[in-house]
Amino acid sequence: MSEISLVEAVCLALHRAMTEDSTVLVLGEDVGVDGGVFRATDGLFRQFGEQRVIDTPLAEASIVGASIGLAAQGFRPVVEIQFTGFAYACIDQIINHASRLRSRTRGRLTCPMVLRSPAGGGIKAVEHHSESPEAMFAHIPGVKVVIPSSPARAYGLLLSAIRDPDPVIFLEPTRLYRAARGEVADNGTGMPLGACLTLKQGRDLTMVSWGAMIKETLEAADKLAEDGIDAEVIDVATLKPLDTETILASVRRTGRLVIVHEAPITCGYGAEIAAQVAGRAITSLLAPIERVAGYDTMMPYLRSEGVYMPSVSDVIAAARRTMAYS
Amino acid sequence: MADERSDGSVTRVLDADGKLVGQLPEFARDVNELVRLYRVMVLARTFDTKAVAMQRTGRLGTYASSLGQEAVSVGAAAAMQPDDVFVPSFREHGGQLWRGVTLQELFLYWGGDERGNDFAGPRKDFPNCVPVGSHPPHAVGAALAFRLRGEQRAAVCVIGDGATSKGDFAEALNMAGVWNVPAIFLINNNGWAISVPRAKQSAARTLAQKAVFAGIPGEQVDGNDAIAVRAVMERALERARRGEGPCLIEALTYRLCDHTTSDDARRYRDDAEVSEHWPAEPLTRLRNYLTAGGHWSKESEQTLQRECSEAVEGAAQDFLDTPPQPASAVFDYIYQDMPVGLAEQRAAAIAKREGAA
C-alpha cells in the first residue's frame, strides 16, 4: 500500500462515499472542474458528473442554506467552504437552521450534511485563511465537530461524518494537507465519531490535542521520551460530542495534563477539556493543568505567523512544568 | 387599488369591491374552488383572532397575525400540488391550513411546543422561518433535490418585504436562477417590516424588479385578490415544472395588524393609513364576488363563521388540554444518537423536574 497525503485521503473518502451512496452530493466553490483549490475533490466531477459535483455561485451562506434544503429532502450534501474564514458567513444557516431542524420538527426533517473546510494556520497564507474556529462550532447544540490529524483518520472520520444522520462540521488541517502522509486502506470502513484516539500510550503525563497541533504534540512526546518522560498523546478527533471518558481515564493514571491547540486560548476548546478534568478528576491531578494555545490575537500576517503558532518547544516546556510541579 | 408600490402591471382579477376586472382563470370557473379559497381565508382569520386573544390572556406565546394578508399564502398554497414543498415565513398559517397543517398544530407551534412543527399532513414542508429571510436558500436546495431526482415537484418560499433586503434572499434568487430550479419566491409585501415602511427598505421601484439581478422573471400581483394570486402562482409553477426555472412574485397587500402581539404599530403608523387599506382587504372582495354571482348568502356566511369558530375553539381547547412534553423531549431530538454527555444532562434535567414536582 502506498502512502497518500491527508488531502488525498479526503478525496478518496469522497470518492468512496459517492460510489456507495447515490444521495451523496458535493457542493462548493471550485469543487467541480477544478477539483477544489486544494484538490480535495479532484476527479469527482469526471467520475460523478455535474449533477452530483456542483460548482456553486460564490455565496457561502446559500451554499450551506441550499444544502440544508437538499438534506431535508433526502440528499446527503457534502459542502466545501474554501477556507474556514469564509465559513463565518454560514454561521446563521448553521446555528439557526442546520443544527436545529431535527429538534424543531421533532425529527420530521433532518439535516445529514457535512461542512468540510480547511482550517488552521502555519501555511503562510493571506489573511482570513488561517482560522481555528472549532470552539465556536463546538458551542452549537445539534452539530458535531470533527478534526482529523492523519490521512487514515481523515478517510475514516470523513466517511463516518458523511454517513452520520446529523450535521457535521469537518475541519481539515490545511497545514497537514500535504505534510501528513500515510497508508490508507480504501475499504470503506469509517472511524467512530465521538471517540478520542490514543495515539501514544504513556505513564507520566497526558497530552491532549487535535488537528495540526497533533504533529507538534507527538514530536514533543518523542523529545520528552529521550529524557525518560513517558507522555500519553490523545487525539480528540471529535470535539463534539466529546469523549470525556478517554481523557479522564488517562489523567486518572498520569495525574498530569497538557492541552495543546492552535486557536486563541480564551474560551478555546482546551478550556472545556480543562473544566471537565477539573470537575471530574481533580483529585487525580498532581499538577495544574497546562494549556499551550494561541494568543488572544488574530492570526498575524504571514511574516509574523511564527510569533503566534505554538511550537514543539512550547509543548515541551509546558510538559516539563507539569512534571516539575510538586 | 391604487398603490404606489406597483409598476402599473399588477395582475388583478377582482377589484376591491369584488367586481371582475381581469381575466377569470380556469379554476375560478368552478365555484367550489372559489368557496374553498374563501373558507380557508376565513378559517385563517378566525384562527388569527383567537390566537391574538389567547396571547393577550397568557395562553399563547408572541403571535404574528396574518390579518389582511390571507390571500397571499392561501392563494399560493391553492396553486401548489400536495407533494410540492412549502417554505413559509411566519405569517402563512392560511397557506399551511390549506396544505393540511392542522389548527391544533398551529396552536401547538405558537403556544411554544415543537410538536406543532411535526405536521401530520405535509410531511416535507418546512416549519416557519423566524430569522427573517434566511429560508430562501432552503427552497433552492429543496427544488434542486426535486430536479436531481427527476420529480415534477416545486418549492414555494414566502418572504416578507423586509426579507428582500437580506443577503440570503439575493443569494438564493441568484442561485435558483443559475441552477434553473423549480423554486417560486413569493413576497408578501405588506408594506411594513415591523416599523420600517417599504420605502425605507429599498430604492427599487418594485420588489419584483429584484428578479432582474438574478436573471429570472419577476411580476406583481394584487395580494388581496386570492384568485389573482392563485392564477399567477399556477402559471409560475407550471413554468417551473416544465423546467423553465424559478420566478419572483411580489404580492401587494397590507398588514392590517401589528407586526406581532409584542408590537404596537401606533408608535410608527397612522391609524388613518390602516383605515385606508381596510376596504381593499381580501375576504370581503371574494365574498362580494361570490354573493354577486348568487353563490353566497348571509346564511352560508353565518354557517361558515360558525363552523370556523367551532373548529378553532375546539382546537384551542385541545391545545390547552395537551400536556407539555416531558423534560426528556428537550434532549431527545438534538441528535439521532444521544451523546453520553447529553444523556447525563438529560438524566439530571429529569431528576430536577421530578424533585421539583
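Rules used throughout
Residues numbered from 1 in each chain as written. Chains lettered and ligands numbered in written order. Predicted model: local features only at pLDDT ≥ 70, side-chain atom pairs only at ≥ 80, totals over all residues. Domains from an automatic or database assignment. Contact = placed C-beta atoms within 7 Å. Helix = DSSP H or I, 4+ residues; strand = E, 2+ residues; numbered from the N terminus. Nonpolar A, V, L, I, M, F, W, Y, C, P; charged D, E, K, R; others polar. Pairing = 2+ DSSP bridges. Axes fitted to C-alpha atoms, helices over the stretch in contact; angles between N-to-C directions. Buried ≥ 20, exposed ≤ 12 C-beta atoms within 10 Å, placed from the backbone. Core = buried A, V, L, I, M, F, W, Y, C linked by C-beta atoms within 7 Å.

All names here are of chain A. Structurally, chain A comprises domain 1 (3-183) and domain 2 (197-324). For domain 1 versus domain 2, the separation of C-alpha centres amounts to 26 Å. Counting residues at the interface gives 25 residues for domain 1, matched by 22 residues for domain 2. Secondary structure elements with two or more residues in the side of domain 1 that touches domain 2: helix 6 (134-138), strand 6 (144-146), helix 7 (151-163) and strand 7 (168-173). Split into classes, the residues belonging to the side of domain 1 that touches domain 2 amount to twelve nonpolar, six polar and seven charged.

Residue-level contacts link 35 residues of chain A with 36 residues of chain B. The set of elements that each furnish at least two residues to the side of chain A that touches chain B consists of helix 3 (60-72), helix 4 (91-98) and helix 5 (101-104) of chain A. Of the residues forming the side of chain A that touches chain B, the biggest block, nine residues, is contributed by helix 3 of chain A. When grouped by side-chain class, the residues that make up the side of chain A that touches chain B number twelve nonpolar, 17 polar and six charged.

Here we take up the sheet that holds strand 14 (residues 290-294) of chain A. Residue and element names in this part refer to chain A. Spatially, 9-11-10-13-14 is the arrangement adopted by the five strands of the open sheet, whose pairing is mixed. The open sheet is flanked by strand 9 (197-200) and strand 14, the only strands paired with a single partner. Going from strand to strand, the sheet's axes swing by 25 degrees on average, the running direction of each strand aside. Looking at chain direction, strand 10 (residues 205-209) and strand 13 (residues 257-264) are connected through four bridges and run parallel. Within strand 13, the residue paired with serine 209 across the bridge is valine 260. Lying over the sheet, helix 8 (residues 213-226) contacts strand 9, strand 10, strand 11 (231-235) and strand 13, oriented at roughly 170 degrees with respect to strand 11.

Quick look at the environment of A:Pro112 now. Residue and element names in this part refer to chain A. Considering the arrangement of structural elements, one finds proline 112 in the loop between helix 5 and strand 5 (114-119). On the neighbour-count criterion, proline 112 (24 C-beta atoms within 10 Å) is buried. With sequence-adjacent residues up to four places away left out, proline 112 is seen in contact with Ala71, Arg76, Asp164, Pro165 and Asp166.

What follows deals with the nonpolar core. One finds A:Ala319, B:Ala143, B:Ala183, B:Ile184, B:Leu186 and B:Ile249 to be the most contacted residues of the largest nonpolar core, which totals 206 residues. Sorting elements by how many residues they give to this core places helix 1 (residues 31-56) of chain B first, with eleven residues. If we ignore the near neighbours within four places in the chain, the residues touching B:Ile249 are B:Ile184, B:Leu186, B:Ile187, B:Glu219, B:Val221, B:Val232, B:Met233 and B:Ala236.

Time to look at unusual backbone geometry. For the bond running from A:Lys240 to A:Pro241, omega is -5 degrees, close enough to zero to count as cis. Located in the positive-phi region is A:Arg39, a residue other than glycine, with phi close to 70 degrees. With respect to the helices and strands, A:Arg39 occurs in the loop between strand 2 (24-28) and helix 2 (44-48). Phi at B:Ile194 takes a positive value of approximately 45 degrees, unusual for a residue other than glycine. The residue B:Ile194 is located in the loop between strand 4 (192-193) and strand 5 (196-197) in this model. For B:Ile194, a count of 15 C-beta atoms within 10 Å corresponds to the partly exposed category.

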